[in-house]
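What the coordinates show
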Amino acid sequence: MQPGLRYLPGHLGTDEQRLLVEALRTAVAEAPLFIPVMPRTGRPFTVRMTNLGPLGWVSDRAGYRYQPSHPETGRPWPAIPDRLLALWRAVSGYPHDPEACLVNFYNGGAKMGLHRDADEEDLAAPVLSVSLGDTAVFRMGGPERGGRTETLKLASGDVLVMGGSSRLCYHGIDRVLPGTSTLLKDGGRINLTLRRVTRP
Ligand code: MD3
Ligand code: FE
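Not measured: the values here are computed from a predicted model.

1. Digging into the overall build of the chain
When helices and strands are counted, the chain shows two helices and 12 strands. The linear arrangement of helices and strands in the chain, starting from the amino end, is β-α-β-β-β-α-β-β-β-β-β-β-β-β. Rg of the C-alpha trace for the chain: 16 Å, near the compact-globule value of 16 Å for 200 residues, within the 12% margin. Taking the principal axes of its C-alpha atoms as reference, the chain extends roughly 40 × 35 × 35 Å. Taking all 200 residues of the chain together, the buried fraction comes to 52%. Long-range pairs, those at least 24 residues apart, make up 74% of the contacts in the chain with a sequence separation of at least 6.

Below is the structure:
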């Protein structure tokens with residue numbers, strides 16, 4: 001595994017996972033999932049997204065960026081739930097709160113190609129990921145595109161902290177394994193990534 005990457009399997013118990021899903025249902029009612037498109041080509045993502053917090057990550061023909069409001073409703077993103085802030089404070093090892101929580105929803109054949117997360121100004125802060133629902137095949141590479149990669153299955157309740165040199169490593173989701181969790185009534189997977197965007 002890459003230095004700086006911490007894998008906390010089963011960090012969240014089922015009760016905590018259920019409470020998080022409940023909080024997310026409320027947030028998604030306020031900030032509906034949208035289908036981002038790739039810069040320039042306009043090709044749609046297979047993952048649907050929304051955000052929580054003062055800033056949210058969006059992708060459209062104009063590019064990737066963080067912005068304070070939902071691209072379709074124009075409203076501010078809902079707040080990051082306290083239980084997620086508490087998780088960040090407990091495990092991130094970073095002294096400032098996150099500003100964005102990207103919510104990715106995978107169903108059907110949704111996947112995410114290998115990419116790096118580099119749109120943040122503060123690259124000293126880690127990215128914290130929470131997996132909920134069906135298990136995903138996560139692929140992790142190194143700092144260069146085209147290097148060696150390895151896979152790790154991410155199950156419901158698993159937490160990953162990408163700090164240090166892992167922060168800028170290539171990563172993606174090959175596929176989600178249907179029927180591997182009963183947390184979400186209609187199946188699928190939710191991934192939350194908590195990010196610090198601006199330099200404190
Ligand atoms: C490694 N999400 O939203 S989370 C993303 O499961 C993203 O939805 C995937 O990649 C998902 O950008 C993977 C695990 C993850 C998140 C951020 C990372 C791994 C990372 C940043 C740097 C290195
Ligand atoms: Fe990513």
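Continuing now.
2. What to know about the pattern of salt bridges
Inspection of the entire model under this criterion finds 10 salt bridges. Sharing partners across several salt bridges, the network here consists of Asp117, Glu120, Arg167 and Arg195.

3. Some details on the sheet that holds strand β11 (residues 171-176)
Within the open sheet, the four strands sit side by side as β6-β11-β8-β9. Their pairing is antiparallel. Of all strands in the sheet, those with a lone pairing partner are β6 (112-115) and β9 (150-154), marking the two edges. Sheet twist, expressed as the average angle between the axes of neighbouring strands with direction ignored, equals 25 degrees. Of the strand pairs in this sheet, β6 and β11 are connected by two bridges, and their pairing is antiparallel. Looking at the pairing, Met112 lines up with Ile173 of β11.

Analysis parameters
Residues numbered from 1 in each chain as written. Chains lettered and ligands numbered in written order. Predicted model: local features only at pLDDT ≥ 70, side-chain atom pairs only at ≥ 80, totals over all residues. Heavy atoms only, no water. Helix = DSSP H or I, 4+ residues; strand = E, 2+ residues; numbered from the N terminus. Rg over C-alpha atoms; globule rule 2.2 N^0.38 Å. Buried < 20%, exposed > 50% of the residue type's maximum accessible area, 1.4 Å probe, protein only. Contact = heavy atoms within 4.5 Å. Salt bridge = Lys/Arg side-chain N within 4 Å of Asp/Glu carboxyl O. Pairing = 2+ DSSP bridges. Axes fitted to C-alpha atoms, helices over the stretch in contact; angles between N-to-C directions.

These figures capture arrangement, not role.
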